[in-house]
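So the chains spell out like this:
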Amino acid sequence: MAHQWRGVIREYIDRLDISSDNPVITLGEGGTPLVEAPALAKLVGAERVMLKVEGMNPTGSFKDRGMTMAVSKAVGHGAQAVIAASTGNTSASAAAYAAAAGIKSVVLVPEGKISLGKLSQAVAHKAQILQVQGNFDDCLDLARVLSENYPVHLVNSVNPDRIEGQKTGAFEVVDALGYAPDFHVLPVGNAGNYSAYFKGYLEDFNEGRVKAIPKMWGFQAEGSAPFTFGNPVKNPETIATAIRIGNPASYDLALSARECSQGQFGFATDAEILWMHRFLSQEVGVFVEPSSATGAAGLFKHSKMGEVPAGSTVVITVTGHGLKDPMWALKAEDGSDIEPTSVPNNAAQVAEQLGLSKN
Ligand code: AN7
């Protein structure tokens, strides 16, 4: 029987806050693979570690799960334009879904601080892009004010439709495994996704699909770690530009998710993030953007503190595709640029370069 994944709204319509006659704007998001990562399980001493590979979404990040909901409902309300503040992935997703809906998108990004891949997506989908002289937190403040005073519909994760769509990530994990993992690990910026996964697991628990809720572990970059320090960070800094966020929009929601799941927040340094970024590419075979390696980097760090019991099952959401921000893969551990060696069009010389001897 022919069957194509129909996107998260149609797949989970009876578990989402959207009426059946609302228009559905979809690009086929969700249905992403849960990939076994034995090398990572060995590294952290867990029984099983699996990656929920969200780079497989239509615009290359998890944002599409929330954006299909937010834009569908915006269209249902008759909106002609959506607005988003973004470190890059939200703007790429908002621009694509607005294009699919035939409405306008406006995106506000921190000047010089979003990756080229993400900027190119917003341009490709014909968003009106403004680079704000400020950081993400400034962009979000602006977007809120604009949406309150002008006819533009806010699609940041302060919009509950975004969280509602993103909770389907947890549904898919439970559908794939038949149970909930012991730990669910994520990188954290605004903490919208952390809160969304918790919501999904909680609903699965309340409806009897799982017997327990995973401990939710969220990790930030050291220079941008308000959950660790307990206060907003005024000038967040990290190479992980996607999570360069000092004043998380879903702060209170995430705190209650941590408490209810007996989870924790922590941080990884930029060096630890880049080390894990390389490990995931080289030892697991999954290419993610640096920010997306932050969850695994935090898990590794906390495993060294003895916090990962030997029999554990762990799911890590790797949030965005490596091609979003590819320059980091082209840097060696010492920071130097990696460039492939140039060779003449000659088999003997190519073999010599490769260190191969004739059989
Ligand atoms: C790859 O695009 O905030 O904790 O404006 O792009 O739900 O914010 C992106 C966030 C993790 C953090 N990984 O998620 C934006 C934006 C990647 C991201 C996060 C983001 P939240």
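Higher on the page you've got the structure.
An account of the accompanying structure is given in this report. Note that the coordinates shown come from a computational prediction; the quantities given were computed from them, not determined experimentally.

1. Details of the side chain of threonine 90
- Inspection of the secondary structure assignment puts threonine 90 in helix α4 (residues 89-101).
- For threonine 90, the side chain forms a polar contact with the side chain of lysine 63, separated by 3.4 Å.
- Discounting chain neighbours no more than four positions away, the residues touching threonine 90 are Lys63, Met67, Ala84, Ala85, Val155, Asn156 and Arg162.

2. Structural notes on the packing of aromatic side chains
- Taken as a whole and assessed by the stated rule, the structure comprises 11 aromatic pairs.
- On the numbers, 5.4 Å between centres and 15 degrees between planes, the contact of tryptophan 275 with phenylalanine 279 is stacked. Pair noted here: tryptophan 275 and phenylalanine 279 are both in helix α12 (residues 270-284), with a separation of four residues, about one helical turn.
- Among the residues examined, phenylalanine 279 registers a relative accessible area of 12% and is labelled buried.
- Centroid distance tryptophan 275 to phenylalanine 300: 5.3 Å. Interplanar angle 20 degrees. Geometry classified as stacked. Linking tryptophan 275 in helix α12 with phenylalanine 300 in helix α13 (residues 294-304), this pair joins segments that are 25 residues apart in sequence.
- Residue classification places tryptophan 275 among the partly exposed positions, given a relative accessible area of 33%.

3. A short note on the environment of serine 86
- As for its position among the elements, serine 86 is in the loop between β3 (81-85) and α4.
- According to the relative accessible area criterion, serine 86 is buried, its value standing at 1%.
- It is 14 Å that separates the C-alpha atoms of serine 86 and serine 120, two residues lying 34 residues apart in sequence.
- If sequence neighbours within four positions are ignored, serine 86 has contacts with Ser91, Leu108, Val109, Pro110, Ile114 and Phe136.
- Engagement of the side chain of serine 86 in a polar contact is seen with the backbone nitrogen of serine 91, the distance being 3.0 Å.

4. Re the site of the ligand
- Among the 23 residues in the neighbourhood of the ligand, the closest are listed as Asn89, Thr90, Gly189, Ala191 and Thr319.
- In this structure, an oxygen atom belonging to the ligand sits 2.8 Å away from a main-chain N or O atom of glycine 189.
- One nitrogen or oxygen atom from the main chain of alanine 191 is found 2.7 Å from an oxygen atom belonging to the ligand.
- Relative to its unbound accessible area of 470 Å², the ligand is 99% covered by the protein chains.

Rules behind the numbers
For every chain, the first residue of the written sequence is number 1, and numbering continues from 1 onward in sequence order. Under the rules for a predicted model, residues below a pLDDT of 70 receive no local features and side-chain atom pairs below 80 are neither given nor counted, while totals for whole chains, interfaces and linings still include all residues. Think of the side-chain values as coming from all heavy atoms in the structure, minus any hydrogens and water. The numbering of helices and of strands both runs from the N terminus, where a helix is a DSSP run of H or I of at least 4 residues and a strand a run of E of at least 2. Think of a polar contact as two N or O atoms within 3.5 Å of one another; within protein, one of them needs to be a possible hydrogen donor and the other a possible acceptor, and neighboring residues in sequence only count if both atoms come from side chains. The contact criterion used is simple: two residues touch if any of their non-hydrogen atoms lie within 4.5 Å. Centres within 6.5 Å make a pair out of two Phe, Tyr or Trp rings, where for Trp the six-membered ring is used; the pair is then stacked when the planes are under 30 degrees apart, edge-to-face when over 60, and tilted otherwise. Working definition: with a 1.4 Å probe on protein chains only, accessible area under 20% of the residue-type maximum means buried, over 50% means exposed, and in between means partly exposed. Summary of the distance rule: residues count as near a molecule or strand when at least one heavy atom falls within 4 Å of that molecule or strand. The protein chains shown are the only cover counted for residues, whose accessible areas, like all others here, come from Shrake-Rupley with a 1.4 Å probe.

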